[in-house]
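# Coordinate inspection notes
Letter by letter, the chains look like this.
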Amino acid sequence: MLDFFTIFSKGGLVLWCFQGVRGPAATAPVNALIRSVLLQERGGNNSFTHEALTLKYKLDNQFELVFVVGFQKILTLTYVDKLIDDVHKEFRDKYRNEFQQKGALGLLNGTFDFKDDFMRLLRDAEESSKVRAPTVMKTFEQSLKSQKTVKCMIETRGEKPKEKVKNKKNKGSKKDGTEAVAAPSKASAGDKQLSAAGEKEELTKDEILQKNREEFFRRHMKAGEKSRSPKPDAQKEKGKKPRVWDLGNSNAKVLDYSNSATNGSAEACPVEEFDPDMALGDKNREPGRLYDLEYESDDEAEEEKVVQNPSKSSVKKGGLGGMFGMLKGLVGSKSLTRGDMDPVLEKMKDHLIAKNVAAEIAVQLCESVAKKLEGKVMGTFTTVTSTVKQALQEALVQILQPQRRVDVLRDVMDAQRHRRPYVITFCGVNGVGKSTNLAKISFWLIENGFSVLIAACDTFRAGAVEQLRTHTRRLNALHPPESHGGRTMVQLYEKGYGKDAAGIAMEAISYGMCGAGGGGAVLGQCRPSHCLPAAPARNQGFDVVLVDTAGRMQDNAPLMTALAKLIAVNAPDLVLFVGEALVGNEAVDQLVKFNKALADHSMAQTPRLIDGIVLTKFDTIDDKVGAAISMTYITSKPIVFVGTGQTYCDLRSLNAKAVVAALMKA
Ligand code: GDP
């Protein structure tokens, strides 16, 4: 019934293998397990599905071994867990001395004659699943209901059922009791949190966001000061000038935005509203460079303090150390048990949830860390807390650095060589910042010398096209054709509202291919039939086509089908899911359903799913950075861009260590 059973070391050495019905096919699923689960810290639930197979595995952290069993996923093999446990025990007991004495070298030279033992264990496990008596249903006589008399079921009016009253009383007193006991402890532990929450409750949502943004910029500036030159004083004074609301109506002209017949030309941009300095943000930055997300962790700050004040013995604890201080106990040369770790893991799970990691993922992550550490022998001066914390930290960094990196600039250049535009589609729910961040990405691409065609495929939300038109105008104002050899660097392809988005995207891509990069063409006029069939010269077309799509809720089946169609028909080079950093548990649902819709409606054999993530509004969350973890954990795809504000320069690349530092901060 089993396809295979294999035992290998964590270093990758196969020690023993049982080949079942499928023979050599074990290699591919085991490799997939190593790549997608063991190396990606997804070892929470001991089970993994690869094509038609289910793989169950167990880690031995003391001897660094992995036990994997594979069987057809349509089978329900109830004995597999027992088998894997028995084999684990037998194998390690049989070769314990060998592992302890010879170490890794012993594994290299060792021959493990385990076949007879394994066959015996397999037979035992199979037998034990057969002999278990089937569960028999209770007879009516055995049930509680049969013991009730008809009399006790009759309720007389006015008379309260005695038992119920009694129970109620008990419940009440129990509740009172627990509350009375729980209240003081809650108050003492959560005093700080409560007062903070109380303070926050008085603020409106906007004020909280504003506060978080200020905090983000404060940190950001602090970190930035280290690496970049200080800003001149004069620049600090700059800021958005307040609009003067003149009751005499003299501003009416300025406020009239009805003239939209501009199609993205620079001159038409209302000067009053658009301050190029504001839109550009930091003047000291290097044009076209995508800066890393910066974050100053408290640990660093406190480490500095310790260096400055070595004489002071009582140093405030930083990071999780402070939180779990009471759990710190030295566990010299002892192997870790689940019991040792459980209290620490419980606190860590709560900590992750408080940092906005989706609850389900926080549980899986802690479970994975527990599996990885159980049985591991700790060093003499290490504590359970520090060991678990370090393992979690490593796991988080690992998650944020998925297998495939997306290098947009390299891929755009590659597309250029093939004389075609590089196409990126943006999708996500409403209001997360798709259009705004699409504009930021356009700006970054233009600064890198690439021309951009924006396809307005949100034909649903009122104002969506106008919003992109305004961005196009502003981008052209910042990068006029004169400074790019007469080449218009960004144009908008629009067809108004109510039309089929997939069709518009297709036309835009064709337009981007034959293009009007030299300017002069009327936007929205190019039809695929007008395009040259052969690849045109590169400078006639656009380097990149950015497809904006309508925001949609993941539960809206018709809109999800339409998105899947747009992606299936146009086969973009990159499908970016735009998600805001404010999202909590909802992140899981959004991403799972977006991916599912794309898979369900894909026409390709291997369905086209989300390729990467744009994480927006990172400036509004202070250190509650958990959404980054939730999103990458679910998709196994990288966060390609991070939006950190509302200017064109507020685009960053993810810095996994910075995010993890923020996440671990107490
Ligand atoms: P869409 O409906 O997904 O296209 O969302 P929009 O692009 O219209 O953005 C919705 C709101 O979020 C706008 O007010 C944007 O200015 C704001 N926004 C977008 N990205 C960011 C960001 O990174 N930080 C902040 N603070 N606001 C952002």
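For clarity, every value in this text was computed on a predicted model and none was experimentally measured.

Take the overall build of the chain next. Counting its secondary structure elements, the chain contains 22 helices and 13 strands. When each of the 666 residues of the chain is scored for burial, the buried share is 44%. When contacts within the chain are restricted to residue pairs at least 6 apart in sequence, long-range pairs at least 24 apart make up 75% of them. Just so you have it, the chain exposes about 35700 Å², and 54% of that area is on carbon and sulfur atoms.

Right, let's get into the UniProt feature "domain: SRP54-type proteins GTP-binding" (unreviewed entry) in the chain. When the UniProt feature table is mapped onto this chain numbering, "domain: SRP54-type proteins GTP-binding" (unreviewed entry) sits at residues 638–651. Between the C-alpha atoms that bound residues 638–651 the distance is 15 Å, and the span itself is 0% helix and 43% strand.

Not every one of the 18 residues close to the ligand is listed here, only the nearest: Lys434, Ser435, Thr436, Asp619 and Gln646. In this structure, Lys434 approaches the ligand through a main-chain N or O atom, which is 2.8 Å from an oxygen atom. When the free accessible area of the ligand is taken as 580 Å², the share hidden by the protein chains comes to 82%. Looking at the shell around the ligand, the element that brings in the most residues is helix 16 (residues 434–447), giving five residues. Here the shell around the ligand is composed, by residue class, of one nonpolar, 11 polar and six charged.

A word on the pattern of salt bridges. Under the defined criterion, the tally for this structure stands at 28 salt bridges. Across the salt bridge formed by Arg92 and Asp60, the nearest N and O atoms sit 2.7 Å from each other. Of this pair, Arg92 sits in helix 2 (residues 80–109) while Asp60 sits in strand 4 (residues 53–60); the two residues are 32 residues apart in sequence, bridging distant segments of the chain. Summarising the burial analysis for this pair, Arg92 and Asp60 share the class buried. The salt bridge involving Asp600 is made with Lys596; its shortest N-O contact spans 2.8 Å. Of this pair, Asp600 and Lys596 both sit in helix 20 (residues 586–600), four residues apart, roughly one helical turn. Here the salt bridges do not stand alone but share partners, grouping Glu90, Lys94, Asp117 and Arg120 into one network.

Attention shifts here to the sheet that holds strand 5 (residues 65–72). Spatially, 2-1-5-4-3 is the arrangement adopted by the five strands of the open sheet, whose pairing is antiparallel. The sheet is open, and its two edges are formed by strand 2 (14–19) and strand 3 (47–50), each paired on a single side. Averaged over all pairs of adjacent strands, the angle between strand axes in this sheet comes to 15 degrees, irrespective of strand direction. Pairing analysis gives five bridges linking strand 1 (residues 2–9) to strand 2, with the strands arranged antiparallel. Note that in strand 2 the partner of Thr6 across the bridge is Cys17.

It is worth spelling out the sheet that holds strand 6 (residues 422–427) at this point. Taken in spatial order, the eight strands of this open sheet run 8-7-9-6-10-11-12-13, and their pairing is mixed. In this open sheet, the two edge strands, each paired with only one partner strand, are strand 8 (490–493) and strand 13 (651–652). Most of the contacts of helix 21 (residues 626–635) go to strand 11 (residues 612–616), to which it runs at about 165 degrees, and overall it touches strand 10 (574–580), strand 11 and strand 12 (639–643).

It is worth spelling out a nonpolar patch on the surface at this point. Side chains of Met506, Val569 and Met603 sit close together on the surface and give an oily, nonpolar patch of about 290 Å² of accessible area. Tracing the chain through its elements places Val569 in helix 19 (residues 557–570). With relative accessibility at 35%, the residue Val569 sits in the partly exposed group.

Next up on the list: the packing of aromatic side chains. The final tally for this structure, using the stated rule, is 14 aromatic pairs. Aromatic side chains Phe18 and Phe118 sit 4.9 Å apart centroid to centroid with 40 degrees between the ring planes, which places their arrangement in the tilted category. On the criterion of sequence distance, the pair formed by Phe18 in strand 2 and Phe118 in helix 3 (residues 115–131) is long-range, its members being 100 residues apart. Ring geometry for Tyr493 and Tyr511: centres 5.4 Å apart, planes at 50 degrees, overall tilted. On the criterion of sequence distance, the pair formed by Tyr493 in strand 8 and Tyr511 in helix 18 (residues 501–514) is long-range, its members being 18 residues apart. Owing to a relative accessible area of 0%, Tyr493 belongs among the buried residues under this scheme. Site record: aromatic cluster; members linked through ring pairs are Phe5, Trp16, Phe18, Phe67, Phe91, Tyr95, Phe112, Phe114 and Phe118.

Criteria and cut-off values
- Residues numbered from 1 in each chain as written.
- Predicted model: local features only at pLDDT ≥ 70, side-chain atom pairs only at ≥ 80, totals over all residues.
- Heavy atoms only, no water.
- Helix = DSSP H or I, 4+ residues; strand = E, 2+ residues; numbered from the N terminus.
- Buried < 20%, exposed > 50% of the residue type's maximum accessible area, 1.4 Å probe, protein only.
- Contact = heavy atoms within 4.5 Å.
- Areas by Shrake-Rupley, 256 points an atom, 1.4 Å probe, with all protein chains shown as cover.
- UniProt positions renumbered as here; feature names shortened; annotations may be inferred.
- Near = heavy atom within 4 Å.
- Polar contact = N/O pair within 3.5 Å; in protein donor to acceptor, adjacent residues only side chain to side chain.
- Nonpolar A, V, L, I, M, F, W, Y, C, P; charged D, E, K, R; others polar.
- Salt bridge = Lys/Arg side-chain N within 4 Å of Asp/Glu carboxyl O.
- Pairing = 2+ DSSP bridges.
- Axes fitted to C-alpha atoms, helices over the stretch in contact; angles between N-to-C directions.
- Patch = residues over 30% accessible without salt bridge, like charges linked within 9 Å, V, L, I, M, F, W, Y side chains within 5 Å.
- Phe/Tyr/Trp six-rings, centres within 6.5 Å; stacked < 30°, edge-to-face > 60°.

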